[in-house]
Amino acid sequence: MATIEECRSALDKLSDNMQRAEGDAREAAALDRSVSCHITDLDVTFVGRMRGGRIEVQDTVQGPPPGKAEIRLAMTGDDLVALVDGELNFATAWGSGRVKLHAGMRDLLRLRKLL
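Residues numbered from 1 in each chain as written. Predicted model: local features only at pLDDT ≥ 70, side-chain atom pairs only at ≥ 80, totals over all residues. Heavy atoms only, no water.

Asks: Outline the UniProt feature "coiled-coil region" (unreviewed entry) in the protein chain, listing residues and values.
Replies: In the numbering used here, UniProt assigns the feature "coiled-coil region" (unreviewed entry) to residues 4–31. From the first C-alpha to the last, residues 4–31 spans 26 Å; its make-up is 82% helix and 0% strand. (UniProt positions renumbered as here; feature names shortened; annotations may be inferred. Helix = DSSP H or I, 4+ residues; strand = E, 2+ residues; numbered from the N terminus.)

Asks: Can you break down the state of the cysteines residue by residue, with the values?
Replies: In total, this model carries zero disulfides according to the counting rule given. Sulfur of cysteine 7: no disulfide; nearest cysteine sulfur belongs to cysteine 37 and is 7.5 Å away. Taking the relative accessible area as the measure of exposure, cysteine 7 reaches 0% and is therefore buried. Classification of cysteine 37 as buried rests on a relative accessible area of 3%. (Disulfide = S-S within 2.5 Å. Buried < 20%, exposed > 50% of the residue type's maximum accessible area, 1.4 Å probe, protein only.)

Asks: I'd love a proper account of helix α3 (residues 77–84), names of residues and values included.
Replies: The buried count for α3 comes to six of eight residues, which makes it a mostly enclosed element. Gly77, Asp79, Leu80, Ala82, Leu83 and Val84 are the residues of α3 that are buried. Buried residues belonging to α3 abut α1 (4–19), β1 (33–39), β4 (71–75) and α4 (90–96). Downstream of α3 by one or two residues, glycine 86 has phi in the positive range, about 80 degrees. (Contact = heavy atoms within 4.5 Å.)

Asks: Talk me through the sheet that holds β1; I want residue IDs and the actual numbers.
Replies: Read across the open sheet, the five strands follow the order β3-β2-β1-β4-β5; overall the sheet is mixed. Edge strands, defined here as strands with exactly one partner in the open sheet, are β3 (54–62) and β5 (100–103). Between one strand axis and the next, the sheet turns through 20 degrees on average, direction left out of account. Alignment of β1 against β4, held across five bridges, turns out to be parallel. Each bridged residue has a counterpart across the sheet, and for histidine 38 the counterpart in β4 is alanine 74. On the sheet, α1 packs against β1, β2 (44–51) and β3 and is oriented at approximately 160 degrees with respect to β3. Sitting on the sheet, α3 is in contact with β1 and β4, with an inclination near 110 degrees to β4. (Pairing = 2+ DSSP bridges. Axes fitted to C-alpha atoms, helices over the stretch in contact; angles between N-to-C directions.)

Now the structure itself:
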């Protein structure tokens, strides 16, 4: 089971990957939205903001997200690490329910280019 530190590191790596994105993916990464990522098996949530092509984690809280972020993710720590490392396909994980993504329709359409 991934630790909180490994999950935070994976989010940092994802942020770095977003910063280097090009074309349509870069456009999707340029969103300015509040973000939460609930790690279900650790029952911890990373809360932050996606802006300037990066994810800025501002806080880590116990339990589910304290508020309703504009982009909300939920998954196990192992799935987060596997997604960021390229070992788990996002579309497959989302379709099977292993990863949950909630966002407005416009944001979902833009995020599909990134994910």
